[in-house]
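Residues per chain, in single letters:
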Amino acid sequence: MMEFLQDNAVIVLFITFALLLVMRVPIGISLGISSIVGLVLIDFNIRTIPHNMFSAVDSVILMAIPGFIFAGLIMAKGGISYHLIEALKSWVGHIKGGLAVVTILACMIFAAISGSSPATAAAVGSIMIPAMIDAGYSKKYAMGLIAAGGTLGILIPPSIALIIYGSITEQSISDLFIAGVIPGILLGLMLIIFAIIYARKHNLGGLEKATWDTRRKMSIKAIWGFFLPVIIIGGIYMGAVTPTEASIVAVFYSIIISVFIYKEMNMEKFIEIVKESINTTAMIFLIIASALIFSTFLTIEQVPQFFSEWIADNSANKWIFIIGVNVLFFILGMFLEAVAIILITLPILLPALLFFDINLIHFAIIMTINMELAMITPPVGLNLFVVSGIAKERLGTVVRGVIPFFIIMVICLILVIFIPEISLLLVDK
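Now for a look at the structure at hand. If you're wondering where the values come from, they're calculated on a predicted model, not measured in any experiment.

## Overview of the overall build of the chain
Check the secondary structure of the chain and you find 22 helices and zero strands. Taking 22 Å as the expected radius of gyration for a compact globule of 429 residues, we find that the chain reaches 22 Å, a close match to that expectation. On the principal axes, the C-alpha backbone points of the chain span a range of 75 × 45 × 45 Å. Sequence-distant contacts in the chain: of pairs separated by 6 or more residues, those separated by 24 or more amount to 79%. Accessible surface computed for the chain: about 18600 Å², of which carbon and sulfur atoms make up 69%. Measuring between centres, the 22 positive side-chain charges of the chain sit 19 Å from its 24 negative side-chain charges.

## Examining the pattern of salt bridges
With the rule as written, the count across this model stands at six salt bridges. Across the pair Lys 89 and Glu 86 runs a salt bridge whose closest N-O atoms are separated by 3.4 Å. One end of the pair, Lys 89, and the other, Glu 86, are both in helix H6 (residues 80–92), three residues apart, so they sit about a helical turn from each other. Here Lys 89 matches Glu 86 in class, with each residue buried. Note that Asp 213 is salt-bridged to Arg 216, the shortest N-O span being 2.7 Å. With Asp 213 and Arg 216 both in helix H13 (residues 212–237) and three residues apart, this pair spans about one turn of that helix. Judged by relative accessible area, Asp 213 falls into the partly exposed class, the value being 36%. Judged by relative accessible area, which is 45%, Arg 216 ranks as partly exposed. Residues joined in a network through salt bridges with shared partners are Lys 77, Glu 272 and Glu 276.

## What about the nonpolar core?
Ile 65, Ile 288 and Phe 363 are the most contacted members of the largest nonpolar core, which has 149 residues in total. Aside from chain neighbours lying at most four places away, what touches Ile 288 is Ala 56, Val 57, Leu 62, Ile 65, Ile 164 and Leu 343.

## Regarding the side chain of Arg 215
With respect to the helices and strands, the residue Arg 215 is situated in helix H13. This buried residue, Arg 215, is left without a salt bridge; Asp 213 holds the nearest opposite charge, at 11 Å. If we ignore the near neighbours within four places in the chain, the residues touching Arg 215 are Ser 90, Trp 91, His 94, Lys 209 and Ala 210.

## Notes on the environment of Arg 400
You can see Arg 400 is positioned in helix H21 (residues 395–418). It is 8.6 Å that separates the C-alpha atoms of Arg 400 and Tyr 141, two residues lying 259 residues apart in sequence. Setting aside residues no more than four positions away along its own chain, Arg 400 makes contact with Lys 140 and Arg 394.

## Regarding helix H4 (residues 49–57)
Every buried residue belonging to H4 is among Ile 49, Ala 56 and Val 57, and all of these are buried. One side of H4 holds all its buried residues, which, seen down the axis, span an arc of 85 degrees. Residues of H4 that are exposed and angled more than 90 degrees away from the buried face: His 51 and Phe 54.

## A look at helix H9 (residues 139–150)
Look at H9: 16 Å from first C-alpha to last across 12 residues, which is about the 16 Å you get at 1.5 Å a residue. Where H9 is concerned, the buried positions are Tyr 141, Ala 142, Met 143, Gly 144, Leu 145, Ile 146, Ala 147, Ala 148, Gly 149 and Gly 150.

## Brief notes about the packing of helix H8 (residues 117–134) against H9
Interaxial distance between H8 and H9 falls to 8 Å at its minimum, and their mutual angle equals 155 degrees. Taken together, the axis directions place H8 and H9 in an arrangement best described as roughly antiparallel. For H8 against H9, the interelement crossing comes out right-handed. In contact with Ser 117, Thr 120, Ala 121, Val 124, Gly 125, Met 128, Ile 129, Met 132 and Ile 133 of H8, H9 contributes Lys 139, Tyr 141, Ala 142, Met 143, Leu 145, Ile 146, Gly 149 and Gly 150. For the contact of H8 with H9, the per-class residue count stands at 11 nonpolar, five polar and one charged.

Reading the values: the criteria
- Throughout, a residue's number is its position along its own chain's written sequence, starting from 1.
- Predicted model: local features are reported for residues with pLDDT of at least 70 only, side-chain atom pairs are reported and counted for 80 or more only, and whole-chain, interface and lining totals are derived from all residues.
- Excluding hydrogens and water, the side-chain figures rest on all heavy atoms present in the structure.
- Here a strand is any run of E in DSSP of at least two residues, a helix any run of H or I of at least four, and the numbering for each starts at the N terminus.
- What the globule rule says is 2.2 Å times the number of residues to the power 0.38, and the radius of gyration is computed from C-alpha atoms.
- For this analysis, residues touch if any pair of their heavy atoms sits within 4.5 Å.
- Note that accessible areas follow from Shrake-Rupley with a 1.4 Å probe, and for residues the cover is restricted to the protein chains shown.
- For the purpose of charge, His is not counted, nor are the chain termini; Lys and Arg are scored as positive and Asp and Glu as negative.
- To locate a charge, take atom NZ for lysine, CZ for arginine, CG for aspartate or CD for glutamate.
- In the sections that follow, a salt bridge refers to a side-chain nitrogen of Lys or Arg positioned within 4 Å of a carboxyl oxygen of Asp or Glu.
- Buried, partly exposed and exposed residues are distinguished by accessible area as a fraction of the type maximum, computed with a 1.4 Å probe on protein chains only: under 20%, between the cut-offs, and over 50%, respectively.
- In this text, buried Ala, Val, Leu, Ile, Met, Phe, Trp, Tyr and Cys residues form a nonpolar core when linked through side-chain atoms within 4.5 Å.
- The arc under discussion is defined with respect to the helix axis, by the directions toward the C-beta atoms.
- For a helix, the expected span equals 1.5 Å multiplied by the residue count minus one.
- Lines are fitted to the C-alpha atoms to define the axes, a helix being fitted only along its stretch in contact, and any angle between axes, read from their N-to-C directions, falls within 0 to 180 degrees.
- Roughly parallel means an angle under 35 degrees; roughly antiparallel, over 145; roughly perpendicular, 65 to 115; everything else is oblique.
- Left-handed describes a crossing whose near helix is turned anticlockwise from the far helix by less than a right angle; the clockwise case is right-handed.
- The classification used treats Ala, Val, Leu, Ile, Met, Phe, Trp, Tyr, Cys and Pro as nonpolar, Asp, Glu, Lys and Arg as charged, and all other residues, Gly among them, as polar.

Structure representation (structure tokens):
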């Protein structure tokens, strides 16, 4: 029996992983336990595992993740996001579909600070869902828009997903960030166009038109928040700071604005933000550490090499491979969180990407948009749960609301796949 298990260690690992997920064991723990089971079966020295797990997260690049998470939470709870949204309302809130446009623009700005989809959905949704419902939008539509708009958090830089991708593939984080700018803006514009068309079709008006004096006052009050993404992206693009340094700058800038300008940060809020940042970071880092054990097993068993050879023998060209990978991402997105999908699949896919000479930065954006779709794909789409919790509505209602936006995101994905210049135009060749 033991010999049979050893000969089928790969199958045992995946069955163990699947069973743990069905039992609702957290992904990081499920991945770690199943990987250890696999390593035990192949007589790997498991005493080295703790050291390997620590090495997986002992990275300057990965230190950007807690920084951007922390900055995003400070922005959401320290008044910065509120004043940004109020300023946007004063400028475009009066047009047909104005509140929906404000929602998408707010998601884009928040995405350029937090790097997290759930954080973006939570920060913008808590303010805009009630406002849209009061203005005549259906609750289903408002929830779907927030869930979809929140996904921009991992496409528009800085992006936690792209940071993890870069750490695995050894690609420049700055190049990956810059590659996400045009696709992020494109998706944002597509959502805005749909929102305006939808509003005109359903005769959804906006707010009362603000006076120029009101716009001026709101814009001056919100300008500190508008500076934040400029500081982050501009600093990285000009080479003034690394992504990790930019995350620390963002934290200190957010604290200063929240405490001394808006004066909406107190010790109780700060402690709550610290706790939430620690919990989110710990979850991501546990998945990263467990994924290294998983990757170690795959390397020993030569799974990536076998997969690469199988792809080479069964795929006529790189386009068939890319389409197949997109289908795989869609299926995995139903059951796994985005970070876990990246960490589990990328070490296996990397040899095949190199075999087909697929640009790794272009593929990063393809993969990231797929991870955006995973955020709104039931039954485990994280943004669906975030929005459901904010709106206190059943998950099924959120899912129905997100369908038209899901289709728009798929169209954007197709454009990015077949027009690589969308991703690579700003990247130094």
